[in-house]
Amino acid sequence: MAFARTTALEFLRRAYEQNRLAHAYLITGAPGSGKEVLAAELTSLVNGTPTKDVFSAKAREVFVARPESKSRRISIEQIRELEHALQMRAANSRRKVAIISDADRLGDAAANAFLKTLEEPPKDSLLLLLSALPEALPETILSRCIAIPLAPDGEARSKKEEEKLVELLQQASRHTTWSIQFAYRLAQEFQQLLRAIREEVKNETDDALKREQARYKDATDGAWLEEREGYYKALTESLYLQRRAALVEILFAWWTDVLRATNAVAQRDLPAATRETAALARRFDNAQIFKRIRLLEEFRDHFSRNIHESLAIEVAFLAIFIV
């Protein structure tokens, strides 16, 4: 589940106040989701540096590594400098903070070197890794960090597409007969939502790639620019899959609300659709609802195994939305 930045900060603030802050966090999210802002806010909380100064030369006991070489990799030399700085004693009981921006750009040697720091963090240190593509990080690093996934600034857009799906389901609930034609049409409308999401994500990542190409074309080698094309292609797919998964969760929430209505449970995940889910609760018994929830679990499992998307959607909807 992705957090709004303010929600994530409050979670971290409580952990800090209760002396339960972990030694390493991986802050993930799409470009523009506020990863550096959250890192600066958390650093200010534990270190005392003003938020606006965290990524500047004014910061004390704050050490930042980001891609700088022509290959746009974080080098082992940068990691060694960072490790050396973390070993120094902090002044005035400040906590030392290391921030690695674009952590997925760690070279193999740098990643191996940093792993030692994760395994044996220096006293009074906090390690913050930031990445828009955490899938590119070694599992050894991922497993040693607490993940803080941030919802993108486009969360409002995600909310809009989820609301569209709820509207489709509300319309579906008003049909007294769920035929093969009806289920197939609903599957097509669901796929239209997904196509719009994919196009929107691709446009955003294409624009980000173009900005990088314009910025670095004279300051880096061609091989790196080619590599970045692959990076943004992977990022496009990752962001799309996140938003697709969110829509699948809406389907789960819908049928869970139907089950709750059947059993007179007041809680609703989709309160705007209370009337419609209650109407379906009068049409289906527990066994029929549980069957559909199990079918949704199979549907989600098919997605995780990369079964053909359109086929998986059609098969699932023809099973779930036929009476």
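As the structure is a prediction and not an experimental result, all values here were calculated from the model.

What counts and how
Note on numbering: residues in each chain are counted from 1, in written sequence order. Per-residue local features are limited, in this predicted model, to residues with pLDDT of at least 70; the limit for side-chain atom pairs, both in listing and counting, is 80 or more; totals at the level of whole chains, interfaces and linings are taken over all residues. Computation of side-chain values: all heavy atoms of the structure, hydrogens and water removed. Helical segments are the DSSP runs of H or I of at least four residues, strand segments are the runs of E of at least two, and each set is numbered from the N terminus. We call a residue buried when its accessible area falls under 20% of the maximum for its residue type, exposed when it is over 50%, and partly exposed in between, using a 1.4 Å probe and counting protein chains only. Residue contacts are counted whenever heavy atoms from the two residues lie within 4.5 Å of one another. Note on areas: Shrake-Rupley, 1.4 Å probe, and residue coverage restricted to the protein chains presented here. For the charge count, each Lys or Arg is scored as positive and each Asp or Glu as negative, with His and the chain ends excluded. We put the charge of a Lys on NZ, of an Arg on CZ, of an Asp on CG and of a Glu on CD. A pair of strands is labelled paired if DSSP reports no fewer than 2 bridges between them. Axis definition: a line fitted to C-alpha atoms, over the contacting stretch in the case of helices. Angles run 0 to 180 degrees between N-to-C directions. A helix's residues, less one, multiplied by 1.5 Å, set its expected span.

Chemist: Would you explain the overall build of the chain in this entry?
Modeler: A count of helices and strands for the chain gives 11 helices and five strands. For the chain, the C-alpha atoms occupy an extent of roughly 70 × 50 × 30 Å along the three principal directions. Split into buried and exposed, the 323 residues of the chain put 47% on the buried side. Taking the contacts inside the chain whose residues are at least 6 apart along the sequence as the reference set, 76% of them involve residues at least 24 apart. Taken as a whole, the chain presents about 17000 Å² of accessible surface, with 50% of it coming from carbon and sulfur. When the 48 positive and 47 negative side-chain charges of the chain are each reduced to one mean point, those points stand 3 Å apart.

Chemist: So what exactly am I meant to see when it comes to the sheet that holds strand β2 (residues 62-65) here?
Modeler: Across the sheet, which stays open at both edges, the five strands sit in the order β2-β3-β4-β1-β5 with parallel pairing between neighbours. Whereas interior strands pair on both sides, the edge strands pair on one side only; in this sheet they are β2 and β5 (146-149). Neighbour to neighbour, the strand axes of the sheet diverge by 20° on average, direction disregarded. Relative to β5, strand β1 (residues 24-28) runs parallel, the two sharing four bridges. Among the inter-strand pairings, Y25 is bridged to a residue of β5, identified as I146. Sheet strands in contact with helix α3 (residues 76-87) are β2, β3 (96-100) and β4 (125-131), and its direction is about 165° off that of β3.

Chemist: Help me understand helix α4 (residues 108-119) in this model?
Modeler: Along an α-helix, a turn takes 3.6 residues, which lines up residues three or four apart on a common side. A rise of 1.5 Å per residue sets the reference length of α4, with its 12 residues, at 16 Å; its end C-alpha atoms lie 17 Å apart and thus fit the reference within 8%. By the burial criterion, the buried members of α4 are A110, A111, A113, F114, L115, T117 and L118. Here the buried face of α4 lies against β1, α3, β3, β4 and α5 (139-142).

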